[in-house]
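Per-entry structural report
Here is what each chain is made of, one letter per residue.
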Amino acid sequence: QVQLVESGGGLVQPGGSLRLACVASGSIFRLFTMAWYRQAPGKQRELVATIDLSGIADYADSMKGRVSISRDPLKKTIYLQMNNLKPEDTAVYYCNADVQPTLWDRRNDYWGQGAQVTVSS
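This report concerns the structure included in the present document. Bear in mind the structure is a predicted one, so any value in this text is a computation, not a measurement. (Residues numbered from 1 in each chain as written. Predicted model: local features only at pLDDT ≥ 70, side-chain atom pairs only at ≥ 80, totals over all residues. Heavy atoms only, no water.)

Quick look at the packing of aromatic side chains
Applying the stated criterion across every chain yields a total of 1 aromatic pair. Over the ring of Y94 we find R45, and its NZ or CZ is 3.7 Å from the ring centre. (Phe/Tyr/Trp six-rings, centres within 6.5 Å; stacked < 30°, edge-to-face > 60°. Lys NZ or Arg CZ within 6 Å of the ring centre and 35° of its normal.)

Here it is, written out as structure tokens:
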């Protein structure tokens, strides 16, 4: 079984910063692309950023220029540094990973339980 656990969410004032972390654990033969998504109340889940095996990052327009995704392969961890946060960034932020659990398994998509980020004064 593969687990993704997010941390670092919380309440922040507009203009503030937060750093989210996501640790992957369990049966992991190989981790491929990892990503951050978010889902605001009443809205669909949307992509925020992805990072591949080579560390190449890609960003959705919604937060481009205000976020930075990074990866520590040894720790099986990704981070999302978010700056200049706005009230409209309030959402649950989810970690996603493309994982091959064992040598004999197919790759599957896994999700964390989410981390609440609230931007409010």
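What about the sheet that holds strand β8 (residues 77–82)?
What the 4 strands build is an open sheet, ordered β1-β3-β8-β7; its pairing is antiparallel. Every interior strand has two partners, whereas the edge strands, β1 (2–7) and β7 (67–72), have only one. Within this sheet the neighbouring strands show an average axis-to-axis angle of 15°, counted without direction. Bridge count between β1 and strand β3 (residues 18–26): 6 bridges; the pairing is antiparallel. (Pairing = 2+ DSSP bridges. Helix = DSSP H or I, 4+ residues; strand = E, 2+ residues; numbered from the N terminus. Axes fitted to C-alpha atoms, helices over the stretch in contact; angles between N-to-C directions.)

Quick notes on the pairing of strand β11 (residues 115–119)
Judged by which residues are buried, β11 turns out to be one-sided: A115, V117 and V119 face inward and are buried, whereas Q116 and T118, on the alternate face, are not. Direction of pairing for strand β2 (residues 10–12) relative to β11: parallel, over a ladder of 3 bridges. Paired with V12 across the strands is V119, a residue of β11. Relative to β11, strand β9 (residues 91–100) is paired through 3 bridges, and the arrangement is antiparallel. Looking across to β11, one finds that Y93 is bridged to A115. (Buried < 20%, exposed > 50% of the residue type's maximum accessible area, 1.4 Å probe, protein only.)

Remember that the coordinates give geometry; whether it matters functionally is a separate question.
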